[in-house]
Protein chains: 2
Amino acid sequence: SSDGNIRKKEHKKLDKCHRAQRGAGEDVEHEGNSGPRGNRNTRVKLYILYNHWALKVLLYFFILVSLCLAIFEEPAVWPLPVWATMLVEVLCLLIFTIRLVHYAKVIPRDKFWKDPKNICIIVILMLTLVDMIIYGAMKSANYYGVRWSRVLRPLLLVNVTEGRQLRRAFRSIRNALPQIFYVFLLFMFSILIFSLMALKLLGKRGLKNIDGSPYFTSYLEIIFELYVLVTTANSPDIMMPAYNASFIFAAFFILYILINTYIFMSVFLAVVYNNYKKYLKEEIRQLVRAKRHKMVRAFAVLQEPREEGGEPVVTRATWNQVVQLVQPNLSNAHRELLWSVSDDKNQGAIGKVAFVQLADLLNIEVITLKSRPHPLQWLCPTLYQSAPSRLLCRMVQHRAFVIVYDLIILVNAVFIGLDEENPMIANSEWVFLALYILEILLKLYVFEPRDFFSKHSFWNWFDTIVVIAALIATIINSAMKTSKDFSSQQILDIVFILRVLRLVRVVDSIKRFRTIINTLIRIGPAILTFGQLILVVYYIFAMVGMELFKGKVTFYGQSSTDPAKAYCGNPLLNGTDFAKLNYCKNNFNNVVSSFILLVELTVVNQCSGFVTVTHISARIFFVLFHIIVVIVILNIFVAFVLEAFFVEYSVDKNTGWDNLVNAMETIDNDLGTSQSAKPNLPSLMFKIASKRYRTVDALLQRIFESDLDPEDFAENDDPEAQSSGNFANPIFGST
Amino acid sequence: SSDGNIRKKEHKKLDKCHRAQRGAGEDVEHEGNSGPRGNRNTRVKLYILYNHWALKVLLYFFILVSLCLAIFEEPAVWPLPVWATMLVEVLCLLIFTIRLVHYAKVIPRDKFWKDPKNICIIVILMLTLVDMIIYGAMKSANYYGVRWSRVLRPLLLVNVTEGRQLRRAFRSIRNALPQIFYVFLLFMFSILIFSLMALKLLGKRGLKNIDGSPYFTSYLEIIFELYVLVTTANSPDIMMPAYNASFIFAAFFILYILINTYIFMSVFLAVVYNNYKKYLKEEIRQLVRAKRHKMVRAFAVLQEPREEGGEPVVTRATWNQVVQLVQPNLSNAHRELLWSVSDDKNQGAIGKVAFVQLADLLNIEVITLKSRPHPLQWLCPTLYQSAPSRLLCRMVQHRAFVIVYDLIILVNAVFIGLDEENPMIANSEWVFLALYILEILLKLYVFEPRDFFSKHSFWNWFDTIVVIAALIATIINSAMKTSKDFSSQQILDIVFILRVLRLVRVVDSIKRFRTIINTLIRIGPAILTFGQLILVVYYIFAMVGMELFKGKVTFYGQSSTDPAKAYCGNPLLNGTDFAKLNYCKNNFNNVVSSFILLVELTVVNQCSGFVTVTHISARIFFVLFHIIVVIVILNIFVAFVLEAFFVEYSVDKNTGWDNLVNAMETIDNDLGTSQSAKPNLPSLMFKIASKRYRTVDALLQRIFESDLDPEDFAENDDPEAQSSGNFANPIFGST
């Protein structure tokens, strides 16, 4: 019984530690419960089930389904009956509700009801249900109904437990808004002043626009045109009538562009950048403190007093158990390595500081490189060790091999550029394919296949997939050509794309390029967060836009002979630039074209067509879109890319994180040498993907590293963080 | 004789110090000479003459004249005969040569010939002379000649002694070029790959552009179009034919825009920012070190041993003499203040550290606020001290007074917006003018006029000038109207502009706006450096552009009925967008329209018209312009604005510079209280314009403050700086 008690206690300890580890990157979730102790085990199981990857995938799948419903709902790409989409939506709502109930079971009730994201989800689900009932009733009574709750759908993406990064991005934006707002007011004031000046200077001169309408006579019109000038969309058209009248007026526009387009837009970037960074830094700081705090409490549970009244320590055995529980699929060797880093004085136990580091250490991605013998050396050693084979290996590993293949790629690029109708050129494709396959085979002959296809050999994977896909597509293509004298355009397109993609490989050969590309690949996950952010905003604008503008502009196919084609099916557009430039397909008639149109609006804000077909107030929609997407979100995106590159360039600062990585690298070399002395162990090497981070949190932590005190793990957390209960873990802390 | 010797020695000391002070912000100039000692005095006089402000103004005037010659030379705005412009140019060359010879007399010969900027000037002058002779000969023989040396003219602006900031900007750009170049290569590679893909995917589908020409069939054409797409100039036109054919192709363009317009452009900004900052920081570091080094050497000359074998010190008397010599127009009180800051322990002498600070202290702008009694109090004290007068003073100083006038401004804004043909509105202008004048008079009644119009009361000056100018212009306007029933449009325009400008004042009442505006005003001088940079680049491109494109596109006045007006006088433009959109005035026919066109090209790179009238290779000119101006210079500009705002926002870091300012503020208060105890002294107050910098150098030093060690004034300067002799001052150092 005593043994059982100890084991139970141990289990509780480890469980707590497990939570601390998991909680490391999380803000609000995973609180224990204050109910009777008997429920503990069920709750732990529920908790582990809640965090199971399959359930998360399922959740995201249903969010995706609910977002994709817009494709099938009126105005639809592929129309489905209302009952079908409604049925699917009810299913989605059901899934979301179940997930929420599950979450409510896992965390204490008061925590659940205090958390705004849960309230949000409940409100969204309720509103959606109400809207569906109203809409269904309206439809069955043949009234006109608007599915207004569709704009709420992307908000689920923000408010689910897993949308942590997205919530953080939104919070940062919300916090930065006051500052941005003041600059925006000043910017608007500047536009108003310039517009007033333009009205007084140019309005009375009887100038004409290119279409013969009076130039700059309405104040509101001028404000809008000058706002669009900031986006450079109507430059130089808007200034031409004035400029044609006199040289002097060009000075007005140049001054305007200098102040509003260049200076104010830079100030926006500066303000957005500065505020976003400030609040994000604060969030990360709190997160790191909370993580350390949890680790310290885990340490308090796990610690054992040292012999001579020294500092309490955690023994290797306990530590091993913890790590095994937290990351079951960590290799023994990797765990050894982590222990060596933590216990750098080889004392068999670690103190608090070293223990707290564990959370960071686990975030450093370590690639286990086993210098395994090549399978062929195993299968036919004599052949593989023979002189020609060795020569081949040396050749493939030589620099010249890379250069030769780079040249081949260049020649290939020329051949791709030439006319592929020429049979010689068409056949050359087979030669190139054979050469590429030969390269991969040669490399597989020389390098151990499992190393070659290791998780982090991006370019090896890229190469192989592209070449094999090209081979398959080319074979299918020629099979179709010879058998039925018919070539599928889709297959041919894929073949072309794959051919061109092969050329990208050349970038990897040039070191300078590689560093830039690697930085870009590294910020990839963070860019995905921005992708979600943009998706949420686009979706909302697409839904609103579809209600406002659906069916106003019609696209007639290429081969249509309908006379309405000349004015996009709307007589109001007759003779406008919109129709003349053949922009008819830029419409809000379904969700896909809405999204494409919103991308176009992000690049250049051209909305004259939609104002013509509806009302002048439609401009508000487009200006609002520009302010939110271009002035706020794109600037944050630029700020993020800038920050990531600055961190990359400032490699010389040797702060905590780098120290950890360096420590691991040193240990790693030690292990390497010590192991080479013991030939009975498999020759094992570690490589630290020091520049790659498991999670976005880890990347952010590194970005703001220099402002975090590595020794700062005061037991008393931030008072507000503590009181709001965001980070504290009261039950487990009390055991 | 002994006394005379001492005085002479003293003079030499001070002279050296004078140079150190002046040299503080300079890089290469002002070296002594190693000739016979007898020449010393003449040379010092020559040196002082060389740095006289009138000569500098004269030099800049003649540079301006030589640049403005382009207005009168073929293709001219106002044509002058060739001999006249040539004569003026010869005069300019003469002035430049004299200035250069003067400079050569001031600094040692070997230094002169080692300095690249002098070589540059000599080469420019020689080439210009050669070109003028050739051109003159060609003209007199009636051959066609090109004045190619005109592109060299703006380079004078860079290479004159005073163009320090500009040279530094160019050096920073040159140093950042390799990094930018690698990113640019990658960017071009990306465009090439995308173009190849576009050619293969879209070229064979028989799609048509809006003008019926085949879409995406020529590789070079695609590369160019996709390059322009990065500038967003041809979005969404370029994607419409493909998008109309299929939804899927929109994905291609969206991916392209994401990678090239958003990611690559951000990477450019990051690289330009990072490199520019790095090299500028290094330059500023060297400059500060050199300045400190010179101050240390000045200290070595001026020092006197302390009584008890302590550190050597500079006495107050010597220090006073030095400061008087260096800045003769510094008020006694200001000098007192500086001394109090330096000698913070009131020992009557200062050590090395405090002495070295002097250079920085002199760069802090101190406003002497004498709380003088109002002149009216002087003239009629009984009236000014009477109860109604006091009430008036309190009213004007009350917050409500500001609010009332802000409301008046708002009402005025509404009236300006209304139709001024209405006589009621027209007469209201007099009311508003009277109100504004009343405001200024009231303020002058309450505040001491010299304080009200002090150098740094930007808004007071702004107000008064705008209101008085508006008064004068309005009076002239109504005088003209009543006398001859004729209103000059120019005067009316000025009246309108002044009316609108008055509204700007409202910004100053809102604190949040004031801080943003102040930051912008503060970076003003630095923006002027960018202005020069842009001027140099624009001028060169304008000269080349005029040679390439002059006369190809003609603008026919508004009232012309020439049929050629429809195609800008060039049949090649018949039916093109360029002619249809009435862009005819966007041409290279004279230097003014060239500059305006280049501004338009900076905003949106539209060059199709010029390619049509010349040759497809004309695109090179426009792409080159885009790369240099938009990718490099504008990014540096954005980087500078960003950096300035970041410095502004990070007010909490309390580094050296702020310490100095704080020290001065403390002292300042002390002086104030101590002086109030002595009523016989005029009540004197200092205000520190802590956020404004005398020179761009001082601003830059503040920006990079945190990276400079305030105690770092090692005697041994950077070895390379020492050996290149850029900062050393050998002769004076040897005395």
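Keep in mind that this is a model prediction, so the values were computed, not measured.

Considering the overall build of chain A
Link 1 in the chain: Helix and strand counts for chain A stand at 32 helices and 4 strands.
Link 2 in the chain: Expressed as a percentage of the 735 residues in chain A, the buried residues total 52%.
Link 3 in the chain: Summarising the internal contacts of chain A: among those between residues at least 6 apart in sequence, 75% fall at separations of at least 24.
Link 4 in the chain: Taken as a whole, chain A presents about 34200 Å² of accessible surface, with 65% of it coming from carbon and sulfur.

Considering the relation of the copies chain B and chain A
Link 1 in the chain: For the pair chain B and chain A, the superposition axis carries a translation of 0.0 Å, the fit reaches an RMSD of 0.1 Å, and the rotation angle comes to 180 degrees. Put plainly, the chains are arranged around a two-fold axis. Closest approach to the rotation axis among the C-alpha atoms of chain B is made by Ala233 of chain B, whose C-alpha sits 3.9 Å away.
Link 2 in the chain: Of the residues that chain B buries at the interface, 100% are likewise interface residues in chain A, meaning the two copies contact each other through the same surface.

Points about the environment of Lys56 of chain B
Residue and element names in this part refer to chain B.
Link 1 in the chain: By the secondary structure assignment, Lys56 is in helix α3 (residues 53–72).
Link 2 in the chain: Separated by 106 residues in the primary sequence, Lys56 and Glu162 have C-alpha atoms spaced 7.8 Å apart.
Link 3 in the chain: Residues in contact with Lys56, not counting those within four places in the same chain, are Asn51, Arg99 and Glu162.

Considerations on the packing of helix α11 (residues 247–302) of chain B against helix α28 (residues 618–649) of chain B
All names here are of chain B.
Link 1 in the chain: Contact pair α11 / α28: the axes reach a minimum separation of 9 Å and the direction vectors enclose 65 degrees. Considering their axes alone, α11 and α28 lie roughly perpendicular with respect to each other. Handedness of the crossing formed by α11 with α28: right-handed. Contact with α11, carried on its side by Met265, Phe268, Leu269, Val272, Tyr273, Tyr276 and Lys277, involves Ile631, Val632, Asn635, Ile636, Val638, Ala639, Leu642, Glu643 and Phe646 of α28 and no other residues of that element.
Link 2 in the chain: Along the lines of polarity and charge, the residues of the contact of α11 with α28 split into 13 nonpolar, 1 polar and 2 charged.

Here's the deal with the packing of aromatic side chains
All names here are of chain A.
Link 1 in the chain: Throughout the structure, instances matching the rule amount to 86 aromatic pairs over all chains.
Link 2 in the chain: Pairing Phe184 with Phe268 gives two aromatic rings, centres 6.3 Å apart and planes at 50 degrees, and the pair type is tilted. With Phe184 in helix α8 (residues 164–202) and Phe268 in helix α11 (residues 247–302), this pair connects stretches of sequence that are 84 residues apart.
Link 3 in the chain: On the basis of relative accessible area, Phe184 is assigned to the buried category, the value being 15%.
Link 4 in the chain: For Phe268, a relative accessible area of 0% gives the class buried.
Link 5 in the chain: For the pair Phe588 and Phe610, a centre-to-centre distance of 5.5 Å together with 65 degrees between the ring planes defines the contact as edge-to-face.

Describing the side chain of Lys443 of chain A
All names here are of chain A.
Link 1 in the chain: Here Lys443 shows up in helix α19 (residues 423–446).
Link 2 in the chain: Taking relative accessible area as the criterion, Lys443 reaches 18% and is therefore assigned buried.
Link 3 in the chain: In this view, Lys443 contacts Val396, Phe401, Phe452 and Arg505; residues no more than four positions away in its chain are not counted.

What to know about the interface of chain B and chain A
Link 1 in the chain: Chain B puts 88 residues into the contact, and the matching count from chain A is 88 residues.
Link 2 in the chain: With both sides pooled, the region where chain B packs onto chain A buries about 8300 Å², and carbon together with sulfur makes up 73% of that total.
Link 3 in the chain: When the buried surface of chain B facing chain A is broken down by residue, Lys200, Asn244 and Lys585 of chain B rank first, second and third, together holding 8% of it.
Link 4 in the chain: Here chain B is connected to chain A by 2 salt bridges.
Link 5 in the chain: Ionic pairing is found between Asp493 of chain B and Arg205 of chain A, a salt bridge with its closest N-O pair at 2.3 Å.
Link 6 in the chain: Remark: the boundary between chain B and chain A carries 10 residue pairs in polar contact (both at pLDDT 80 or more).
Link 7 in the chain: Residue contributions to the side of chain B that touches chain A peak at 13 residues, all from α11 of chain B.

Some points on the state of the cysteines
Residues and elements named next belong to chain A.
Link 1 in the chain: Counting across every chain of the model gives 2 disulfides over all chains.
Link 2 in the chain: Here Cys568 is linked by a disulfide to Cys584, with a sulfur-sulfur distance of 2.0 Å. Across the disulfide from Cys568 to Cys584, rotation about the S-S bond amounts to roughly -65 degrees, and the bridge is consequently left-handed. Of this pair, Cys568 sits in the loop between α24 (524–549) and α25 (577–580) while Cys584 sits in the loop between α25 and α26 (591–603); the two residues are 16 residues apart in sequence, bridging distant segments of the chain.
Link 3 in the chain: Residue classification places Cys568 among the buried positions, given a relative accessible area of 0%.
Link 4 in the chain: Judged by relative accessible area, Cys584 falls into the buried class, the value being 4%.

Quick look at a nonpolar patch on the surface
Residue and element names in this part refer to chain B.
Link 1 in the chain: Residues Trp113, Ile119, Val123, Leu127, Val130, Ile134, Met138, Tyr143, Tyr144, Val146 and Trp148 make up a contiguous nonpolar surface patch of about 1000 Å² in total accessible area.
Link 2 in the chain: Of all the elements, helix α6 (residues 116–140) adds the most residues to the nonpolar patch, at 6 residues.
Link 3 in the chain: Here Trp113 is to be found in helix α5 (residues 109–114).

What counts and how
- Residues numbered from 1 in each chain as written.
- Chains lettered and ligands numbered in written order.
- Predicted model: local features only at pLDDT ≥ 70, side-chain atom pairs only at ≥ 80, totals over all residues.
- Heavy atoms only, no water.
- Helix = DSSP H or I, 4+ residues; strand = E, 2+ residues; numbered from the N terminus.
- Buried < 20%, exposed > 50% of the residue type's maximum accessible area, 1.4 Å probe, protein only.
- Contact = heavy atoms within 4.5 Å.
- Areas by Shrake-Rupley, 256 points an atom, 1.4 Å probe, with all protein chains shown as cover.
- Least-squares fit on C-alpha atoms with pLDDT ≥ 70 in both.
- Axes fitted to C-alpha atoms, helices over the stretch in contact; angles between N-to-C directions.
- Parallel < 35°, antiparallel > 145°, perpendicular 65-115°, else oblique.
- Left-handed = near helix turned anticlockwise from the far one by under 90°.
- Nonpolar A, V, L, I, M, F, W, Y, C, P; charged D, E, K, R; others polar.
- Phe/Tyr/Trp six-rings, centres within 6.5 Å; stacked < 30°, edge-to-face > 60°.
- Buried area = accessible area lost by both parts, 1.4 Å probe.
- Salt bridge = Lys/Arg side-chain N within 4 Å of Asp/Glu carboxyl O.
- Polar contact = N/O pair within 3.5 Å; in protein donor to acceptor, adjacent residues only side chain to side chain.
- Disulfide = S-S within 2.5 Å.
- Patch = residues over 30% accessible without salt bridge, like charges linked within 9 Å, V, L, I, M, F, W, Y side chains within 5 Å.

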